[in-house]
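Below are the chains, spelled out letter by letter.
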Amino acid sequence: MPLLQFDTTLSLSAAEKSALAERVTDVYTEEMATTAGHVAVTIREREPADLHLGRAVDGPLLFLDAEIRQGRSFDRKRAFALETFAYLGETFDVPDENLKAVFTEHPGESMMGVDRVGGEWDGE
């Protein structure tokens, strides 16, 4: 039951936000070996003064805070981040230096909806 939260200085249309959410959900389900029905995505546009990154170059900034269930390997998380970064760079012209992802892992039972409580991830 991941929550993928994007903060960005990009100004995105509703269609671009939908496309971003759909693409990231697809990448997440593929790289993290899960289904799409429980993937939540938020996209928050920020003023340039709201986001800072020491290594940033000219261009938009985009940060991903990925709240995920514990158990995924480093390689899975890295593959998801790199594929997401590649999409963002190609689609929205975000320089590599201006992209950042942070993963926070939670026990399955800490992730829930009205109809379910997450279990532990076992890769199947």
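Procedures and definitions
- Residues numbered from 1 in each chain as written.
- Predicted model: local features only at pLDDT ≥ 70, side-chain atom pairs only at ≥ 80, totals over all residues.
- Heavy atoms only, no water.
- Phe/Tyr/Trp six-rings, centres within 6.5 Å; stacked < 30°, edge-to-face > 60°.
- Helix = DSSP H or I, 4+ residues; strand = E, 2+ residues; numbered from the N terminus.
- Buried < 20%, exposed > 50% of the residue type's maximum accessible area, 1.4 Å probe, protein only.
- Expected span 1.5 Å × (residues − 1).
- Contact = heavy atoms within 4.5 Å.
- Polar contact = N/O pair within 3.5 Å; in protein donor to acceptor, adjacent residues only side chain to side chain.
- Lys, Arg positive; Asp, Glu negative; His and termini not counted.
- Salt bridge = Lys/Arg side-chain N within 4 Å of Asp/Glu carboxyl O.
- Axes fitted to C-alpha atoms, helices over the stretch in contact; angles between N-to-C directions.
- Parallel < 35°, antiparallel > 145°, perpendicular 65-115°, else oblique.
- Left-handed = near helix turned anticlockwise from the far one by under 90°.
- Nonpolar A, V, L, I, M, F, W, Y, C, P; charged D, E, K, R; others polar.
- Pairing = 2+ DSSP bridges.

A closer look at the packing of aromatic side chains
Then step 1. Tallying each qualifying case throughout the model produces three aromatic pairs.
Then step 2. Between Y28 and F80 the ring centres are 5.2 Å apart and the planes differ by 85 degrees, which places this aromatic pair in the edge-to-face class. Of the two residues, Y28 is situated in helix α1 (residues 14–32) and F80 in helix α2 (residues 74–92); the sequence distance between them amounts to 52 residues.
Then step 3. We classify Y28 as buried; its relative accessible area is 1%.

Details of the environment of P2
Then step 1. Within the secondary structure, P2 is located in the segment before β1 (3–8).
Then step 2. Residue classification places P2 among the buried positions, given a relative accessible area of 3%.
Then step 3. Residues P2 and Y28, 26 residues apart in the sequence, show an inter-C-alpha distance of 9.1 Å.

So, α1
Then step 1. The end-to-end C-alpha distance of α1 is 26 Å, a good match for the 27 Å that 19 residues give at a rise of 1.5 Å each.
Then step 2. Every buried residue of α1 is listed here: L20, V24, T25, V27, Y28, T29 and M32.
Then step 3. For α1, the secondary structure elements touched by its buried residues are β1, β2 (40–45), β3 (62–69), α2 and β4 (99–106).

Description of the environment of E67
Then step 1. Looking at where E67 falls in the secondary structure, it is placed in strand β3.
Then step 2. Classification of E67 as buried rests on a relative accessible area of 17%.
Then step 3. Within the local environment of E67, its side chain forms a polar contact with the side chain of H106, the two groups lying 2.3 Å apart.

Considerations on the side chain of R72
Then step 1. Among the structural elements, R72 can be located in the loop between β3 and α2.
Then step 2. This buried residue, R72, is left without a salt bridge; E105 holds the nearest opposite charge, at 7.2 Å.
Then step 3. A distance of 3.0 Å separates a polar atom in the side chain of R72 from the backbone oxygen of M32.

Points about the packing of α1 against α2
Then step 1. Where α1 meets α2, the closest approach of the two axes is 9 Å, and the angle between their N-to-C directions is 155 degrees. Relative to α2, the element α1 lies roughly antiparallel. For α1 against α2, the interelement crossing comes out right-handed. Facing E16, A19, L20, R23, V24, V27, Y28, E31 and M32 of α1, the residues of α2 in contact are R76, K77, A79, F80, E83, T84, Y87, L88 and F92.
Then step 2. Its residues assigned to classes, the contact of α1 with α2 comprises 11 nonpolar, one polar and six charged.

Things to note about the sheet that holds β2
Then step 1. Spatial ordering of the open sheet is given by β2-β1-β3-β4, a layout of four strands whose pairing is mixed. In this open sheet, the two edge strands, each paired with only one partner strand, are β2 and β4. Going across the sheet, the axis of each strand differs from the next one's by a mean of 15 degrees, ignoring polarity.
Then step 2. Pairing of β3 with β4, which is carried by eight bridges, proceeds in the parallel orientation. When the sheet's bridge partners are listed, A66 is paired in β4 with F103.
Then step 3. Across the face of the sheet, α2 comes into contact with β1, β3 and β4 while running at roughly 145 degrees to β4.

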